[in-house]
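Secondary and tertiary structure notes
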Amino acid sequence: MEGGVNVADKAEFKECLRLTWTQPYILRLVLSAGIGGLLFGYDTGVISGALLYIRDDFTAVEKSTVLRETIVSMAVAGAIVGAAFGGWMNDRFGRRPSIIIADALFFGGAVIMAFSPTPTVIIIGRVFVGLGVGMASMTAPLYISEASPARIRGALVSTNGLLITGGQFLAYLINLAFTKVPGTWRWMLGIAGVPALVQFVLMLMLPESPRWLYRKGRIEEAASILRKIYPASEVEQEIDAMRQSIEEEVRLEGSIGEQGLIGKLRKALGSQVVRRGLMAGVIVQVAQQFVGINTVMYYSPTIVQLAGFASNNTAMALSLITSGLNAIGSIVSMFFVDRAGRRRLMLISLVGIVVWLAVLGGTFLGAAHHAPAVSDMENKLFANRTQTCPEFNPNVHWSCMNCLKAASTCGFCAHQGELLPGACLALNDMSRRTCHADHMEFYTEGCPNNFGWLALIGLGAYIVSYSPGMGTVPWIVNSEIYPLRFRGICGGIAAVANWVSNLIVTQTFLSLTKALGTSATFFLFCGVSALALVIVFFTVPETKGLQFEEVERMLERKDYKPWKRYQGVGDLEPARKREIGLAGP
């Protein structure tokens, strides 16, 4: 899944509850900015259900897996550009204008999609939404972090991660609510404009990040905002702490030497510490996507249909399980990541992912082998009312799986509740209506089988394995493993690697299921996850409990081994201490 998560301990959460009660202005700032995380999660979840109805309304979408993948993945492509452009906007114009512009893009995209006359226009709307998501995904947690009291910052930023998974769950609920409403997918996609509009209005009434203002020399404005956030007795102390922090940040940035992007990148890659950290950071971000999570989050109802549940309503209702488990998993991670450790939690997570992807692959393989047969007699019953599948030959044994793989795109009309032979019909509205008129079910993605519930259990267990570990920990590792002076550029590289990997997975999943079959596709993800388990074991160190300078010291050791546990900075040369800020000049 795509957004960062900061972890907080129990004491911090208690202090957070106390301070937000006594200083309600903090809560207003956090919840207003946190709507960006809600939008991020909503977009991730809503397209999975809307796609079922877009497919029903447009024949071209129903017959083209590439077109369906493009509708889903163009938001991810837009997010890559939005995240990159948003980084520049954040530094140039501030956090608040960046969120406002992201809201405008998201609102515009939602309106475009709601009134789309063709799939092409839907794709254009998805690009606009993606640009907004990309900007919001990096700006919202940054704004919350910089506008939060230091002692409860982790707890407040964690709310952004919870709002992302909460937005996904909300999307599935809204999808389910609009299944009986005329316009279905238009409402599902268009209603996303409402929270974007609400956040737009709220942000107009909120201030800029005090840290950004201070860096721009607008010190009095920053102080005025801090007086609203902190008790009067703490304001001067916080202003002084901000001054020292920004001065240190500027000093470290200056130590890089060359200020251009290429110069910074050359300087970063010339450091063994950065190379080792960047290798670990990029690997966990790529692994996070290549274990297949967004096939579940973007295509969850479709996967449920592949498991043999043909009804759109049923598919979306059952998909609520995966979304709810994902939200619960993000909460679990907040309590265990500092106890179990980052590395251990990821490795345990990957073991579970490998096991349950293997179970899913085996389940779909069994379902394919026990698919009902296509009956020539059943086909003849429909011949006078609709077109049968052109490729069907009564002299060749066909099952439902052969029918769904036909070149001209066909559907299987099956008896409800029984695995009896059915009819293979050309895929069109007439075939669907004719099949339903005979009180039968029309299958276009997967075949009826007795393995569906096992597939749902495997899907749920996969999410339970993924969410607390690979779902959140890669972002935590990336927030800790880079030297401060290179954190911006290295974090950007890792984030782009995450989004690009997301794009590759979402743009190819349905094509893989058509080309290889559903079971082979899940076995492929299982193999990739097993490879990721090995690579993470040999490349990613444990950063639990280490200060930033201790992480840097660990990465520069001559005897560095990622699977070894290092504690403490140890004895450093005076020059080295000065370099990483542990000693005075």
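Residues numbered from 1 in each chain as written. Predicted model: local features only at pLDDT ≥ 70, side-chain atom pairs only at ≥ 80, totals over all residues. Heavy atoms only, no water.

Remarks on the overall build of the chain
This is how it is decided: Secondary structure is summarised from DSSP: a helix means a run of H or I of at least four residues, a strand means a run of E of at least two, and numbering begins at the N terminus for each. Only protein chains enter the area calculation, which uses a 1.4 Å probe; residues under 20% of their type maximum are buried, those over 50% are exposed, and those in between are partly exposed. In this analysis, two residues are considered to be in contact whenever any of their non-hydrogen atoms come within 4.5 Å of each other. Areas reported here follow the Shrake-Rupley algorithm with a probe of radius 1.4 Å; residue values treat only the protein chains shown as occluding.
A count of helices and strands for the chain gives 26 helices and three strands. A buried classification covers 56% of the 585 residues belonging to the chain. Across the chain, the fraction of contacts at a sequence separation of at least 24, relative to all contacts at a separation of at least 6, is 79%. In the structure as shown, the chain presents an accessible area of about 23,700 Å², 64% of it carried by carbon and sulfur atoms.

With respect to the packing of aromatic side chains
Definition in use: Only rings of Phe, Tyr and Trp enter the pairing, Trp through its six-membered ring, and a pair is recorded when the two centres are within 6.5 Å. The plane angle decides the type: under 30 degrees is stacked, over 60 is edge-to-face, the rest tilted. Criterion for a charge above a ring: Arg CZ or Lys NZ at most 6 Å from the ring centre, at most 35 degrees from the ring normal.
Taken as a whole and judged by the stated rule, the model has eleven aromatic pairs. With a centroid separation of 5.7 Å and 5° between ring planes, the pair formed by Phe-178 and Trp-187 is classed as stacked. Judged by its relative accessible area of 46%, Trp-187 is partly exposed. Considering the side-chain rings of Phe-509 and Phe-522, the 6.3 Å spacing of their centres and the 75° angle between planes classify their relative orientation as edge-to-face. Here Phe-522 lies in helix H24 (residues 518-539) and Phe-509 lies in helix H23 (residues 487-516), a separation of 13 residues in the sequence. One exposure class covers both Phe-509 and Phe-522, and it is buried. Cluster of aromatic residues (ring-pair linked, three or more members): Phe-364, Phe-509, Phe-522 and Phe-525. Lying across the ring of Phe-537, Arg-343 places its NZ or CZ 4.7 Å from the centre.

Details of helix H2 (residues 24-57)
Rules: Here the expected span of a helix is defined as 1.5 Å times the quantity of residues minus one. The bend at a residue is defined as the angle formed between two axes, one fitted to the seven residues ending at that residue and one fitted to the seven starting there.
In this model H2 runs 47 Å from its N-terminal to its C-terminal C-alpha over 34 residues, within 8% of the 50 Å that 1.5 Å per residue would give. At Ala-50, H2 is bent by approximately 35°, the largest bend along its length.

Observations regarding the state of the cysteines
Basically, it comes down to this: Disulfide: a pair of cysteine sulfur atoms within 2.5 Å of each other.
On inspection of all chains with the given rule, the structure shows four disulfides. At a sulfur-sulfur separation of 2.2 Å, the disulfide partner of Cys-389 is Cys-410. Judged by the sign of its S-S torsion, about 70°, the cystine formed by Cys-389 and Cys-410 is right-handed. Pair noted here: Cys-389 is in the loop between helix H18 (376-383) and helix H19 (400-404) and Cys-410 is in strand E1 (residues 410-415), with a separation of 21 residues, a long-range link. Judged on exposure class, the residue Cys-389 and its partner Cys-410 are both buried. A sulfur-sulfur distance of 2.1 Å marks the disulfide that ties Cys-400 to Cys-447. Across the S-S bond of Cys-400 and Cys-447 the torsion is about -95°, and the bridge reads as left-handed. In this pair, Cys-400 sits in helix H19 while Cys-447 sits in the loop between strand E3 (440-443) and helix H21 (452-466), placing the two residues 47 residues apart along the sequence.

Describing the pattern of salt bridges
Pairs may arise between side chains of opposite charge once their charged atoms sit close together. What counts, and what does not: By definition, a salt bridge exists where a carboxyl oxygen of Asp or Glu is found within 4 Å of a side-chain nitrogen of Lys or Arg.
The tally for this structure, following the rule as stated, stands at 14 salt bridges. The partner of Glu-445 in a salt bridge is Arg-68, with the nearest N and O atoms 2.8 Å apart. With Glu-445 in the loop between E3 and H21 and Arg-68 in helix H4 (residues 65-93), this pair connects stretches of sequence that are 377 residues apart. Overall, Glu-445 belongs to the buried group, its relative accessible area being 10%. Residue classification places Arg-68 among the buried positions, given a relative accessible area of 4%. Between Arg-227 and Glu-220 there is a salt bridge, with the nearest N and O atoms lying 3.3 Å from each other. Here the residues in one salt-bridge network are Asp-56, Glu-62, Asp-429 and Arg-432, joined through shared partners.

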